[in-house]
Amino acid sequence: MMAKAARAAAAWRTYREVTKPGSPSLMTRVRAIPRMVGAVMRGQYGGMGKGRLALLGLGVVYILSPIDVVPDFLMVIGVADDFGVFLWLVASLLGESGRYVEHERHVIQGRLLEKEA
């Protein structure tokens, strides 16, 4: 029961962050993920380390992998662990990509100000 409440709370926090006025929209965040991954890999974005990126990658592999820590034949627990990892992954990716979009906006604004000066 506690895990279900924690997942619901995480989903609600993600929803609130994505719909907050002035924050990047859901689609803006989703489209920014490949740019963010590339920037992290090239060392051009210090807001997220390669270790965190690797952890997110492991989350993707875990969800897509046919091998689970908790097998799906243990119906409730097996599916719940996949869903928990999925919620964590989505919340993390949307939060990180939102911060990356804000970073891009600041970089672009800084370049525009340099041109005006």
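Everything numeric here is computed off the predicted structure, so don't read it as measured data.

Details of helix α2 (residues 26–42)
(1) Moving on: Between the first and last C-alpha of α2 there are 25 Å, a value that for 17 residues agrees with the 24 Å anticipated at 1.5 Å per step.
(2) Moving on: At I33, α2 shows its strongest bend, of approximately 40°, with the proline P34 following within four residues.
(3) Moving on: Along α2, the residues classified as buried are R29, A32, I33, M36, G38, A39 and V40.
(4) Moving on: Just beyond α2, the residue with positive phi is G43, at close to 75°.

Comments concerning the nonpolar core
(1) Moving on: Membership of the largest hydrophobic core comes to 13 residues, with the highest contact counts inside it found for M36, V40, Y45, M48, L56, L93 and Y100.
(2) Moving on: At the level of secondary structure, the elements contributing two or more residues to this core comprise α2, α3 (50–64) and α4 (75–116).
(3) Moving on: When residues of this core are assigned to their parent elements, the largest contribution, 5 residues, is made by α2.
(4) Moving on: Dropping the residues within four chain positions of it, Y100 is found in contact with A32, R35, M36, A39 and Y45.

Quick look at the side chain of E104
(1) Moving on: For E104, the position within the fold is in helix α4.
(2) Moving on: Engagement of the side chain of E104 in a polar contact is seen with the side chain of R35, the distance being 2.8 Å.

Parameters and conventions
- Residues numbered from 1 in each chain as written.
- Predicted model: local features only at pLDDT ≥ 70, side-chain atom pairs only at ≥ 80, totals over all residues.
- Heavy atoms only, no water.
- Helix = DSSP H or I, 4+ residues; strand = E, 2+ residues; numbered from the N terminus.
- Expected span 1.5 Å × (residues − 1).
- Bend = angle between axes of the 7 residues up to and from the residue.
- Buried < 20%, exposed > 50% of the residue type's maximum accessible area, 1.4 Å probe, protein only.
- Core = buried A, V, L, I, M, F, W, Y, C linked by side-chain atoms within 4.5 Å.
- Contact = heavy atoms within 4.5 Å.
- Polar contact = N/O pair within 3.5 Å; in protein donor to acceptor, adjacent residues only side chain to side chain.

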